[in-house]
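# Descriptive analysis of the structure
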Amino acid sequence: MKKTITLILVLTQLNAHAVINGQETSPNDVFSVKLNIKQQHWLNSVQEWDKYESTCSSVIVGTHPLTIITAGHCLKEIELDPNNQLPKITITDTNFDQLDSINISNAFYYPFSEIENNLALDVAILVFDKSLPKNVKSVSIDTNPNLGDVLVCGFGSASNEAVLFNPRCSVKKTLNNLDDFYAVMPKQYEQSDPMLHIKARAQFHYKQEIISSLDYLTAINRLDSKHQYSAAEPMPTHGDSGGPWLAKTADEGFLLVAITSYVERFYNKNDDWSFFAKEAPLDDYPYIAYGVKFNSPEVKSLIENAKANGADITLIDTTIR
């Protein structure tokens, strides 16, 4: 009797704990802070707000005043302060003592209704009411990067990993072709289980149609150096949204080229694909992660508006050097 295969494939756009299997890193070395975000959802059944909290990662792009960038979808159901209508977001679990009594003074982001139709808009800029001393590092933004290897960081964690005070990071190679499914699930897996591969590929391309903004995104996969899908390969997961993708410069510094936007993951108990040979939580199986770059007209406009209103952001176009 032919067995029925059920594929679980999820597009995660909310609350994306650090990079699975990544290396623990000092947050100041990678310009990263964890955000605690107060959210609320209206329950029609009881006519009241359901309040909850979520976690996202972020990157420091300026310190005079403190300016950070995170993923716009992290603010999907954001609760606003009734006094100033600013998002209720705090910086948490950080060893930067200077951030203990600091508050948001301005925020720039697109509504989630626009982000879900155009992921190029998945950027939020948060400006705080204090400047920080020189020992706190910030990173400049490359608005037109020539991508290769990037250092991907975040405060997320897999189900079997401890939640750390520091972010986890890993060097990853970005994909040249974002619509090539063989770049994330190679052909040899199609040969071993054609039906499962077809279903996964169909879902992958369906998501690509929804994205409709590949020119402004980059991506990383879960293939190892031998082009094999590897559950040990570091990948962003739940809690990593908004974390930095950093490109190393010639002088061993960094430029910010993207932030973690969203992650696709699937898990299916299957003897033919060894990485599915045991039961595992879905959050442990991201197979492609997209980063949103800063080269779209909308994001450039968002940045310029933030700078005109006091944000500390430095932009660099490395193609005109």
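Along each chain, numbering runs from 1 in the same order as the chain's sequence is written. The predicted nature of this model means local features are confined to residues of pLDDT at least 70 and side-chain atom pairs, given and counted, to a pLDDT of 80 or more, with totals for whole chains, interfaces and linings taken over all residues. The side-chain numbers reported here are obtained from all heavy atoms of the structure, hydrogens and water having been left aside.

Moving on: the packing of aromatic side chains. Ring pairs are drawn from Phe, Tyr and Trp, using the six-membered ring of Trp, whenever the two centres fall within 6.5 Å, and their geometry is named by plane angle: stacked under 30 degrees, edge-to-face over 60, tilted for the rest. This model, assessed by the stated rule, comprises 4 aromatic pairs. For the ring pair Phe181 and Phe204, a centre distance of 5.0 Å and an interplane angle of 50° mean the geometry is tilted. With a gap of 23 residues between them, Phe181 in the loop between β11 (168–173) and α2 (187–192) and Phe204 in helix α3 (residues 194–211) connect regions that are remote in the sequence. On the accessibility criterion, Phe181 (2% relative accessible area) is buried. Only protein chains enter the calculation, and the probe is 1.4 Å; a residue is then buried if its accessible area is under 20% of its type maximum, exposed if over 50%, and partly exposed in between. Judged by its relative accessible area of 0%, Phe204 falls in the buried class. Through a chain of ring-to-ring contacts, the aromatic side chains of Phe181, Phe204 and Tyr287 assemble into a single cluster. Counting from the N terminus, the helices are DSSP H or I runs at least four residues long and the strands are E runs at least two residues long.

On to the state of the cysteines, then. Our working definition of a disulfide is a cysteine sulfur pair at a distance within 2.5 Å. Here the structure, examined in full by the defined rule, presents 2 disulfides. With its sulfur 2.0 Å from that of its partner, Cys56 forms a disulfide with Cys74. Taking the sign of the S-S torsion, -95° for the link of Cys56 and Cys74, the bridge is left-handed. In this pair, Cys56 is assigned in strand β4 (residues 48–63) and Cys74 in the loop between β5 (66–70) and β6 (89–92), connecting sequence segments 18 residues apart. On the basis of relative accessible area, Cys56 is assigned to the buried category, the value being 0%. On the accessibility criterion, Cys74 (0% relative accessible area) is buried. Sulfur-sulfur distance for the disulfide between Cys153 and Cys169 comes to 2.1 Å. Negative torsions about the S-S bond denote left-handed disulfides, and the value of about 115° found for Cys153 with Cys169 makes this one right-handed. Note that Cys153 is positioned in strand β10 (residues 149–154) and Cys169 in strand β11, a separation of 16 residues in sequence. Across this residue pair, the class does not change: Cys153 and Cys169 are buried. Among the cysteines of the chain that take part in disulfides, numbered as they appear in the sequence, the pairing is 1-2, 3-4.

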